[in-house]
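# Working through the structure, step by step
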Amino acid sequence: MTTVLGIEGTAWNLSAAIVDEDDVIAEVTETYRPKTGGIHPREAAQHHALHASNVIERLLKEYRDKGHSPENIDAIAFSQGPGLGACLRTVATSARALALSLDVPLVGVNHCIGHVEIGRWKTPAVDPVVLYVSGGNSQVLAHRAGKYRIFGETLDIGIGNALDKFARGAGLTHPGGPKVEEYARKATNYVKMPYVVKGMDFSFSGLSTAATDSLKDNSLEDVCYSFQENAFAMLVEVTERALAHTGKSEVLLAGGVGANMRLREMLNVMCEDRGASFYVPEKRFMGDNGAMIAYTGLLMFNSGTTLPIESSHVDPSFRPDTVDVTWIIDEKEVL
Ligand code: ATP
Ligand code: FE2
């Protein structure tokens with residue numbers, strides 16, 4: 001049995017977990033909550049620096065209290081990117097110190113792949129098309145020929161940031177996504193809005209601005225509803241085309257925006273129409289969490305991928321399709 005301690009801290013969640021092949025053994029999370037507006041990168045990094053040692057101490061205590069010894073830990077995994085540079089550097093520093101003090105190897109995990117792997121672990125999905133939708137990220141991913149390929153992605157901002165930006169302009173508090181969902185439920189009319197899909201990519205910045213403008217002539221409820229309908233239809237269209245293109249028969253939803261019931265409903269309808277299975281992990285594994293970094297680190301470690309400390313720099317724009325997926329044997333390739 002392999003045991004890995006993983007630390008996530010690409011944005012506002014600082015979260016550390018210890019996992020083995022079977023389950024999450026311990027997890028501790030400290031969330032940075034901005035007093036006003038959205039995330040301030042420097043403040044988020046200061047938050048992580050302030051809480052890092054305390055989070056690790058509490059995690060190791062929980063692990064010991066459950067009857068385990070830190071000597072069992074085989075590797076330290078950390079979120080190497082993509083994310084906010086200052087936050088990533090803080091987390092990487094803690095991870096290096098911990099790897100040195102426990103004298104175990106370091107594993108650098110791509111945050112997007114972390115979302116995919118925890119979803120594959122915690123749902124029955126085996127080889128899904130993944131829709132990863134959060135504040136900073138919006139991507140459609142799937143495994144092919146040794147890599148997680150990006151089939152489509154946002155050309156500007158993530159869907160969550162687009163919702164948050166619009167919500168802030170409408171006087172709603174952060175995070176705006178859940179509030180937009182609530183208002184949308186009470187809508188009575190659809191208001192025409194931009195629908196932007198270019199090839200397999202999508203864009204949300206213009207939609208967010210158009211939604212703000214249309215508040216002049218329409219109710220907040222109707223604008224929230226129409227914003228969601230267009231944004232989610234764009235995401236579902238690209239996910240469906242990725243299914244058709246790859247011939248896969250599973251869809252996995254990941255990221256904080258995946259909490260939205262209307263998005264789930266639309267994906268579910270599309271999957272039912274195509275005879276595909278639709279999987280949503282439980283909430284604690286959908287947003288950013290330490291377990292996803294620890295578990296992906298475990299898969300990487302078990303397939304021989306570790307990171308020398310000298311080359312463990314972070315990468316704020318780390319793309320998932322640059323990672324060799326050494327832990328999945330692609331049967332079609334082998335044959
Ligand atoms: P990442 O680093 O992956 O970009 P993140 O920091 O954005 O992650 P998440 O917890 O994955 O963190 O996602 C937060 C986003 O999810 C916010 O933009 C928030 O508005 C959005 N969100 C949360 N709940 C809902 C909901 N019910 N409907 C729509 N959006 C939601
Ligand atoms: Fe994320």
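None of these values were measured; they are calculated from a predicted model. (Residues numbered from 1 in each chain as written. Chains lettered and ligands numbered in written order. Predicted model: local features only at pLDDT ≥ 70, side-chain atom pairs only at ≥ 80, totals over all residues. Heavy atoms only, no water.)

### Notes on the packing of helix 1 (residues 41-65) against helix 2 (residues 85-102)
At their nearest, the axes of helix 1 and helix 2 sit 8 Å apart, and the two run at 20° to each other. In this view, helix 1 runs roughly parallel relative to helix 2, as classed from their interaxial angle. For the crossing formed where helix 1 meets helix 2, the hand is right-handed. Here P41, A44, A45, H48, A49, A52 and I56 of helix 1 lie close against helix 2, whose contacting residues are A86, C87, T90, V91, S94 and L98. (Axes fitted to C-alpha atoms, helices over the stretch in contact; angles between N-to-C directions. Helix = DSSP H or I, 4+ residues; strand = E, 2+ residues; numbered from the N terminus. Parallel < 35°, antiparallel > 145°, perpendicular 65-115°, else oblique. Left-handed = near helix turned anticlockwise from the far one by under 90°. Contact = heavy atoms within 4.5 Å.)

### Concerning the side chain of T90
Tracing the backbone shows T90 in helix 2. Note on T90: relative accessible area 16%, which makes it buried. Setting aside its immediate chain neighbours within four residues, T90 contacts A45, H48 and A49. (Buried < 20%, exposed > 50% of the residue type's maximum accessible area, 1.4 Å probe, protein only.)

### Things to note about the domain arrangement of the protein
In terms of domains, the protein is made up of domain 1 (3-116 + 285-334) and domain 2 (125-280). In this structure, domain 1 and domain 2 have C-alpha centres spaced 27 Å apart. Summing both partners gives a buried area of about 1,900 Å² for domain 1 against domain 2, and 65% of it is carried by carbon and sulfur. Its largest share of buried area at the contact with domain 2, domain 1 owes to V116, M286 and D321, together 32% of the area lost on that side. Seen at the junction of domain 1 and domain 2, the total is 2 salt bridges. Between R319 and E153 there is a salt bridge; the shortest N-O distance is 2.9 Å. Counting across the interface, domain 1 meets domain 2 through 6 residue pairs in polar contact (both at pLDDT 80 or more). Residue contributions to the side of domain 1 that touches domain 2 peak at 5 residues, all from helix 3 (residues 111-122). Here the residues of the side of domain 1 that touches domain 2 are counted per class, giving 12 nonpolar, 6 polar and 6 charged. (Domains from an automatic or database assignment. Buried area = accessible area lost by both parts, 1.4 Å probe. Salt bridge = Lys/Arg side-chain N within 4 Å of Asp/Glu carboxyl O. Polar contact = N/O pair within 3.5 Å; in protein donor to acceptor, adjacent residues only side chain to side chain. Nonpolar A, V, L, I, M, F, W, Y, C, P; charged D, E, K, R; others polar.)

### Concerning the sheet that holds strand 7 (residues 138-144)
Here 5 strands make up an open sheet; going across it, the order is 8-7-6-11-12 and the pairing mixed. Every other strand in the sheet has two partners, leaving strand 8 (147-153) and strand 12 (277-279) as the edge strands with one partner each. Adjacent strand axes in the sheet meet at a mean angle of 25° when their direction is disregarded. Bridge count for strand 11 (residues 250-254) against strand 12 is 3 bridges, and the pairing is parallel. The residue bridging L252 from the neighbouring strand is Y279, located in strand 12. (Pairing = 2+ DSSP bridges.)

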